[in-house]
Amino acid sequence: MNILGINWGEHDSAACLLQDGRLVAAAEEERFNRIKHAPFAYPLRAAQYCLQAGGLTPQDVDTVAYSFSPSVGFGRGFLYALRHFPHANLVASAELVRRAWYIATPGYTRYMLKVPTRTRFMAVPHHLAHAASAFFASPFEEAAILVVDGVGEWPVTSLYHGQGVHLERLATVNFPHSLGFFYSAFTEYLGFDPFDGEYKVMGMASYGEARFNSQLRQIVRLPEDSPAHRLDLRYFNFPNHYGSSTWYSPYLVEAFGPPAPAAPMPPQVYLDIAASVQQRLEQAILHLGEYLRRRTHSRYLCLAGGVALNSVANGKLTQGGTFDRIFVQPAANDSGSALGAALYVQHSLLGDAQRQPFQHVYLGPEFPASEIEAALHSNLIPFETLADPVETAADLLAQGQIVGWFQGRMEFGPRALGNRSILADPRRADMKDRLNAAVKFREPFRPFAPSVPEEHSDTYFENVGGSPFMILVTQVRPGMAEVIPAVTHVDNTARLHTVSRATNPLYWELLQRFGEKTGVPVLLNTSFNVRGEPIVCTPKEAIACFYNSGLDALVIERFLLRKII
Ligand SMILES: [Fe+2]
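Rules of the game
Numbering of residues begins from 1 in every chain and follows the order in which that chain's sequence is written. Where local features are concerned, this predicted model is filtered to residues with pLDDT of at least 70; where side-chain atom pairs are given and counted, the filter is 80 or more; whole-chain, interface and lining totals use all residues. In computing side-chain properties, one takes all heavy atoms of the structure into account and sets aside hydrogens as well as water. Helix and strand assignments follow DSSP, with helices taken as H or I runs no shorter than four residues and strands as E runs no shorter than two, numbered in order from the N terminus. Contacts: residue pairs with any heavy atoms within 4.5 Å of one another. Any nitrogen, oxygen or sulfur atom within 2.8 Å of a metal ion counts as a donor, with the limit raised to 3.2 Å for Na, K and Ca, and since water is left out, coordination shells can look unfinished. In short, tetrahedral needs four donors with all angles between 85 and 135 degrees, square planar needs four and octahedral six donors with opposite donors over 155 degrees apart and all other angles between 65 and 115, and whatever is left is irregular. The cut-offs for exposure are 20% and 50% of the maximum accessible area for each residue type, with area from a 1.4 Å probe on protein chains only; residues under the lower value are buried, those over the upper are exposed, and the others partly exposed. Two strands qualify as a pair provided that DSSP identifies no fewer than 2 bridges between them. Only Phe, Tyr and Trp rings take part, Trp by its six-membered ring, and two of them pair if their centres are within 6.5 Å. Stacked means planes under 30 degrees apart, edge-to-face means over 60, and tilted covers everything else. A ring is considered to have a charge above it if a Lys NZ or an Arg CZ atom is located within 6 Å of its centre and within 35 degrees of its normal.

1. Digging into the environment of leucine 551
Alright, step 1. Note on placement: leucine 551 falls in the loop between helix H18 (539-547) and strand E20 (553-556).
Alright, step 2. For the pair leucine 551 and tyrosine 189, spaced 362 residues apart in the sequence, the C-alpha separation amounts to 33 Å.
Alright, step 3. Not counting residues up to four positions away in its chain, the partners in contact with leucine 551 are Ile402, Val403, Gly404, Ile422, Val439, Phe528, Phe546 and Lys563.

Listed below in C-alpha cells is the structure:
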C-alpha cells in the first residue's frame, strides 16, 4: 500500500510517502523551488522526490491523501468573497478564483502527478490531518490532541481524543477567532512579516514585561471551563481583510500606539507588548490543555498546527504538570498536515493498528559522496578529502570557526537538526554577534539554539524529558549560562535540541568529540541558510551558501571547503 500525502493550497506545500505504513520520505516544496514556505506552489517536486526515494513511479501510488477538504475550503472562500464583493470586487474575485482551485484539486493532482485512474484521492479535513500528524507519530496509544493554527477550512482550534486508530473530535473553534492570526496580527504590528515573523516576537518577548496583560485578556477571552476562546474583533482587520493592507485595525493602533518602527532593537514599549502577547497565547494554550485534561482524563497530550511551533508555550505546557508527557509534531506547521493526511488514511480509514512512532526527521534527499566530489571537481572548487570529518569539524569549531555541516538526509520540518546545520562554539559570548554579522543577519533579540547529546542534557538544561526536535524551550541550569552564553537567551532559557546516538550517530559523535576537546559537549546549531532563503537541500546550494556568506568552513560529507587556510 503506497500512500502519497500532500499539502497544497495555502503555504508550506509538502509531500510524504507511506509504504505499508512505513514513512520512507517527506519534504517541503520550498526546499526544491527555493521560495520560502512555497506559497500556493503545488508540491510536485517534493512528491517526485518521495516517489523516487521509495523506488516508485506514479503508477504505483494507491492513494493520494490530501490535507484539506476541497468542498469546505471552497465554501469558505465563496461565502467570504460573496460577503465582501460589493466593497472590493477585484480582490474578492481573485480570492474566489483561487478558492475554486480547491474544487479542482483531485483532477489537478491527477494531472500534475500523472497517477493512474485507479489511484484513489482522499481528502482529509485540515485539522483532522494535523491531529493525525501528531497522534499517529507519537508514542501514545491514547492521548488528548490539541490543534491550533491560523485557519483550516473553517476551524482555527480543534480538540480531539485519540484512542487506537480512532480520532474523536471534542470541540472546535471556528474562524475568525484564531489564536494563530491573533499572534500574526501583533507580529505585523511589531514590524515583521505576519507569516514569518512569529519567532521574532517570541524572541522579543523575553526582553519585555507583560504589563499589557489586562488589555490582552480583553482581546483574547478564555471562558471558564470552555475551549471556545473569543477574540475582540475590533482590534483586527484579518476577518475582513479585503481592501485593507494590515491585519491589525486602527482600533489596535488607538489602544497601543503607532506600529513599531523599523529598528534593530525596538523601543521598550514594543518589547512589553510582545511579552504580553506571548503571555496571553501561553495562557490560552494552557487553558485549552487543562480543558482537554479534564475532558479526556488523558495523561498525554499531542500538539500540532502552526501555533504548536511556539516552543516557549510548549516548554511551559511541558513543565506545567497538566500532562505527564507531551508530543509535539516536529512539522507542526502545514507541511506536517501532508503527513497527517497520509497517516489518517493508513490508520483511521484502513484500520492499520500498527503504529510507527516518529523517531527522527531525516526523511529528505541525500547525495552520494561521488556526486559531491564530481561537482567540486567540475566547478574547480578547492577542497580536501577528510579521513575523519568529525575530528576535523570538532577542531575547527573548537578554534572558533563557523562551520557549515552537511550530512546525510535533509530534515523534514522547519528545524535543522544536525544534517543541514551551521554550527559554532557556544562558549564564546561574541559568537551570536559574529554569526549575525557573517551569516544569519538576524535581529539581535533572536536567540540561537543549542544541541547537546541527550546523556549530557541535564548538566546544562532543566529536564524536559528530551527535546529531540528542538521544539521546547527550557531553563539553562544555574551557573551554566556563563558556560554557554551564545545559546542562552536573555531570560536564561534555551530552545533545546537533545541528540541521540541511535537517530543521528554522526552528529552525536561530533558533539561528543567537541566535548572531549573543550569540556563542553554543546554546539550552537542554526539552520543552514541565509536570511530569507529556505534551508539548503543540495550540495550545490550548500556550496553557494558557503561562498555567499561569512562561513569559515564547510564540511560536506567527507569533504572540507575552507576560507581560512
Ligand atoms: Fe494548518
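2. Concerning the coordination of the iron ion
Alright, step 1. Donor atoms from the polypeptide that coordinate the iron ion comprise His126 (NE2), His130 (NE2), Asp149 (OD) and Asp334 (OD), at 2.0 to 2.3 Å from the metal.
Alright, step 2. Coordination at the iron ion comes from four donor atoms whose angles at the metal span 86 to 167 degrees, giving a geometry best classed as irregular.
Alright, step 3. For the iron ion, the single-chain donor residues occur in sequence as H-x3-H-x18-D-x184-D. On the criterion of helical spacing, the pair formed by histidine 126 and histidine 130 is a turn pair, its members being four residues apart in helix H5 (residues 126-135). For the pair histidine 126 and histidine 130, one class covers both residues: buried.

3. Describing the pairing of strand E7 (residues 155-163)
Alright, step 1. Here E7 lies mainly inside the structure; eight of its nine residues are buried.
Alright, step 2. Here strand E6 (residues 142-148) runs beside E7; their pairing, made up of seven bridges, is antiparallel. Each bridged residue has a counterpart across the sheet, and for alanine 143 the counterpart in E7 is glycine 162.
Alright, step 3. In sequence, E6 turns back onto E7 through a hairpin of six residues.
Alright, step 4. Examined bridge by bridge, E7 and strand E8 (residues 166-174) share eight bridges and lie antiparallel to one another. Residue histidine 161 lies in a different strand from E8, and its bridge partner there is glutamate 168.

4. A few points about the packing of aromatic side chains
Alright, step 1. What the rule picks out here adds up to 33 aromatic pairs.
Alright, step 2. Consider the rings of tyrosine 189 and tyrosine 248, whose centres lie 5.5 Å apart with planes at 85 degrees: the pair is edge-to-face. Here the residue tyrosine 189 occupies a position in helix H6 (residues 179-189), and tyrosine 248 occupies one in the loop between strand E10 (230-231) and helix H9 (250-256), the gap between them amounting to 59 residues.
Alright, step 3. Seen from their ring centres, phenylalanine 327 and phenylalanine 469 are 6.5 Å apart, and the 85 degrees between their planes marks the pair as edge-to-face. Here phenylalanine 469 lies in the loop between helix H16 (457-460) and strand E17 (472-475) and phenylalanine 327 lies in strand E12 (residues 325-328), a separation of 142 residues in the sequence.
Alright, step 4. One residue, lysine 114, lies across the ring of tyrosine 111, its end atom 4.6 Å from the ring centre.

5. Some points on the environment of glutamate 516
Alright, step 1. The topology assignment puts glutamate 516 in helix H17 (residues 505-518).
Alright, step 2. Through-space distance from the C-alpha of glutamate 516 to that of phenylalanine 448 is 22 Å; in sequence the pair is 68 residues apart.

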